[in-house]
Amino acid sequence: MLHATPTAAEKRAAFRAALDSGELQRFPGAFNPLSAKLIERQGFEGVYISGAVLSADLGLPDIGLTTITEVAGRAQQIARVTSLPSLVDADTGFGEPMNAARTVQLLEDAGVAGMHLEDQVNPKRCGHLDGKDVVDRETAVRRIKAAVQARRDPNFIIAARTDAKAVHGMAEAVDRAKEFADAGADLLFPEAMADAADFARLRAAVDIPILANMTEFGKSELLDAKTLESAGVNLVIYPVTLLRLAMHATETGLRTLAEQGTQAPLLDRMQHRRELYELLDYADYTAFDENVFTFRL
Ligand SMILES: C[C@](O)(C(=O)O)[C@H](CC(=O)O)C(=O)O
Ligand SMILES: [Mg+2]
C-alpha cells in the first residue's frame, strides 16, 4: 500500500455516489485485510466488515460479545488496504444512543465509509437466529438520530438495520424503515428478508437505497445480482461467504496433513507463493526501497 490510495473522505464520497447510481454495489465480507485485497482485485465495488466474522475470528459466537475497540481496530486494518469503500457492522451501536454516537466517530476515525446500526436489544444475536428481540421504535429511532448527528463527514453512510420482521412481522419492519429514513438514515438494511417480494415491498415503502444481506444457511433465499437489482436493491453483502469457504478448505487441508503426513497432494489447491507476492505488491516495496536507499556500498 505504498502507492497513493484514496483518502477515507474520497472513498465515502464515491460510496455515496455509487449508492445513488442505480447500479448494484456488491460488497463481499473480508475476513482479514489480505482477503480484502482479493475482493478488490476481483473487481467488486466494496468491502463488507462483518460482525459475525469478527466474532468468529476471535473464537466467539455472534451474540454481542465484541467491543467497539476490537471492531474499530479490525475495521481500520481492513479499510486501509484497498481503494474501495468499506461498510462495517456496528451491531446495536454498543449500548445506548449516546454510545452509537461515539461508535460513529470511532469508525470514522478508523477510515471506514459507513456502518450499519440495528434495532435489536442488547445483547444482540445473529439476525438469522431465532429468539431475537428488538427495542421499541422510539429507542430505535433515537439510535439512528444520534448516529446521524454525530458524524463529522456528511458522506459517512449510516445504514439503519431492522430485525423487526422476525419479531413483529413485515408491517412493523416497513413502518420502522419509513421512520429510520425520516430520521436521516442513508441506507436501509432489512434483516432476514425471505425473498424478492420482501425487498420489493420495502422498495415501494422508502426512497433511500436498500441493502440485501445474502448470507448462507439462514432465513433468506439466496437471490442473484440480477434478481436483486430488478427488485430495486442498491447494495448486496455476502458477509460470511469467504470465511466459510476458507474454513472448509482449511479443514480439508488439516485432514489431509494428519492422514498423509504431507501437504504435497494439496499444492494445486493452494495460492502459490508467487500469487501471494503479487497480491502484496512485493515489487512496489522493492522499487520503493531502491528509490529511498540510493547509496551503494
Ligand atoms: C450480516 C451479519 O450481521 C454479520 O454479522 O455479518 C450476520 C450475518 C450472518 O450471521 O450470517 C447477520 O446477522 O445476518
Ligand atoms: Mg452482524
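Please refer to the structure placed before this passage.
A quick note: this is a predicted structure, and the numbers were derived from the prediction, not measured. (Residues numbered from 1 in each chain as written. Chains lettered and ligands numbered in written order. Predicted model: local features only at pLDDT ≥ 70, side-chain atom pairs only at ≥ 80, totals over all residues. Heavy atoms only, no water.)

> Give me the lowdown on the sheet that holds strand S3 (residues 86-89), citing residues and values where you can.
Strand order in the open sheet made by the five strands is S2-S3-S4-S5-S6, with parallel pairing throughout. The open sheet terminates on both sides in strands that have one partner only, identified here as strand S2 (47-49) and strand S6 (187-190). Neighbour to neighbour, the strand axes of the sheet diverge by 25 degrees on average, direction disregarded. Judged from the four bridges that link them, strand S5 (residues 157-162) and S6 form a sheet pairing that is parallel. Looking across to S6, one finds that Arg-161 is bridged to Phe-189. Helix-sheet contacts for helix H8 (residues 170-182) involve S5 and S6, and the interaxial angle to S5 is about 160 degrees. (Pairing = 2+ DSSP bridges. Helix = DSSP H or I, 4+ residues; strand = E, 2+ residues; numbered from the N terminus. Axes fitted to C-alpha atoms, helices over the stretch in contact; angles between N-to-C directions. Contact = heavy atoms within 4.5 Å.)

> Go over the sheet that holds strand S8 (residues 235-238), please, and point to the residues and values.
Here we have three strands laid out as an open sheet, ordered S1-S8-S7, and parallel in their pairing. Since the sheet does not close on itself, it has two edges, and those belong to strand S1 (25-28) and strand S7 (211-213), each with one partner. Each strand axis lies, on average, 20 degrees off the axis of its neighbour in the sheet, ignoring direction. As paired strands, S7 and S8 are joined by three bridges and run parallel to one another. Within S8, the residue paired with Asn-213 across the bridge is Ile-237.

> With reference to specific residues and values, describe the site of ligand 1.
Residues in contact with ligand 1 amount to 16 residues; listed here are only the nearest, Ser-50, Ala-52, Gly-127, Glu-191 and Thr-215. Between ligand 1 and Ser-50, the relevant distance is 2.6 Å, taken from an oxygen atom to a side-chain nitrogen or oxygen of the residue. Here an oxygen atom of ligand 1 sits 3.2 Å away from a polar atom, N or O, in the main chain of Gly-51. Contact with the protein chains removes 96% of the 340 Å² of surface that ligand 1 exposes when unbound. Grouping the amino acids of the shell around ligand 1 by side-chain chemistry returns five nonpolar, six polar and five charged. (Near = heavy atom within 4 Å. Polar contact = N/O pair within 3.5 Å; in protein donor to acceptor, adjacent residues only side chain to side chain. Areas by Shrake-Rupley, 256 points an atom, 1.4 Å probe, with all protein chains shown as cover. Nonpolar A, V, L, I, M, F, W, Y, C, P; charged D, E, K, R; others polar.)

> Give me the pattern of salt bridges: which residues, what numbers.
According to the stated counting rule, one finds 22 salt bridges in the structure shown. Asp-163 is the salt-bridge partner of Lys-132, the closest N and O atoms lying 2.9 Å from each other. Here Lys-132 is found in the loop between strand S4 (114-118) and helix H6 (137-150), whereas its partner Asp-163 is found in the loop between S5 and helix H7 (164-168), with 31 residues between them in sequence. The salt bridge involving Lys-165 is made with Asp-198; its shortest N-O contact spans 2.6 Å. Remark: Asp-198 occurs in helix H9 (residues 196-205) and Lys-165 occurs in helix H7; sequence separation between them is 33 residues. Residue classification places Lys-165 among the partly exposed positions, given a relative accessible area of 22%. Classification of Asp-198 as buried rests on a relative accessible area of 11%. Via salt bridges that share partners, Asp-91, Glu-118, Lys-124, Lys-132, Arg-161, Asp-163 and Glu-191 belong to a single interconnected network. (Salt bridge = Lys/Arg side-chain N within 4 Å of Asp/Glu carboxyl O. Buried < 20%, exposed > 50% of the residue type's maximum accessible area, 1.4 Å probe, protein only.)

> Requested: an account of the packing of helix H5 (residues 97-109) against H6, with residues and values cited.
For the pair H5 and H6, interaxial distance at closest approach is 8 Å and the crossing angle is 35 degrees. Where H5 crosses over H6, the handedness of that crossing is right-handed. Here Pro-97, Ala-100, Ala-101, Val-104, Gln-105 and Glu-108 of H5 lie close against H6, whose contacting residues are Arg-142, Arg-143, Ala-146, Ala-147 and Ala-150. Residues of the contact of H5 with H6, tallied by class, amount to seven nonpolar, one polar and three charged. (Left-handed = near helix turned anticlockwise from the far one by under 90°.)

> Talk me through the packing of aromatic side chains; I want residue IDs and the actual numbers.
Taken as a whole, this structure holds two aromatic pairs when the rule is applied. With a centroid separation of 3.9 Å and an interplanar angle of 15 degrees, the aromatic rings of Tyr-277 and Tyr-282 are classed as stacked. For Tyr-282, a relative accessible area of 40% translates into the label partly exposed. Seen from the ring of Phe-189, Arg-161 lies directly overhead, with NZ or CZ sitting 5.0 Å from the centre. (Phe/Tyr/Trp six-rings, centres within 6.5 Å; stacked < 30°, edge-to-face > 60°. Lys NZ or Arg CZ within 6 Å of the ring centre and 35° of its normal.)

> Which residues make up the nonpolar core, and what are the values?
Formed by 55 residues in total, the largest nonpolar core has its most connected members in Leu-107, Phe-199 and Leu-228. At seven residues, the largest contribution of residues to this core is made by H6. Those residues in contact with Leu-107 that lie beyond four places of it in its chain are Arg-12, Ile-68, Val-71, Ala-72, Ala-75, Val-88, Ala-90, Val-112, Met-115 and Phe-156. In terms of nonpolar packing, the next biggest core, distinct from the first, is built from 13 residues, Leu-19, Phe-27, Tyr-48 and Leu-235 among them. (Core = buried A, V, L, I, M, F, W, Y, C linked by side-chain atoms within 4.5 Å.)

Note that every value here comes from positions in space, so none of it alone points to a role or purpose.
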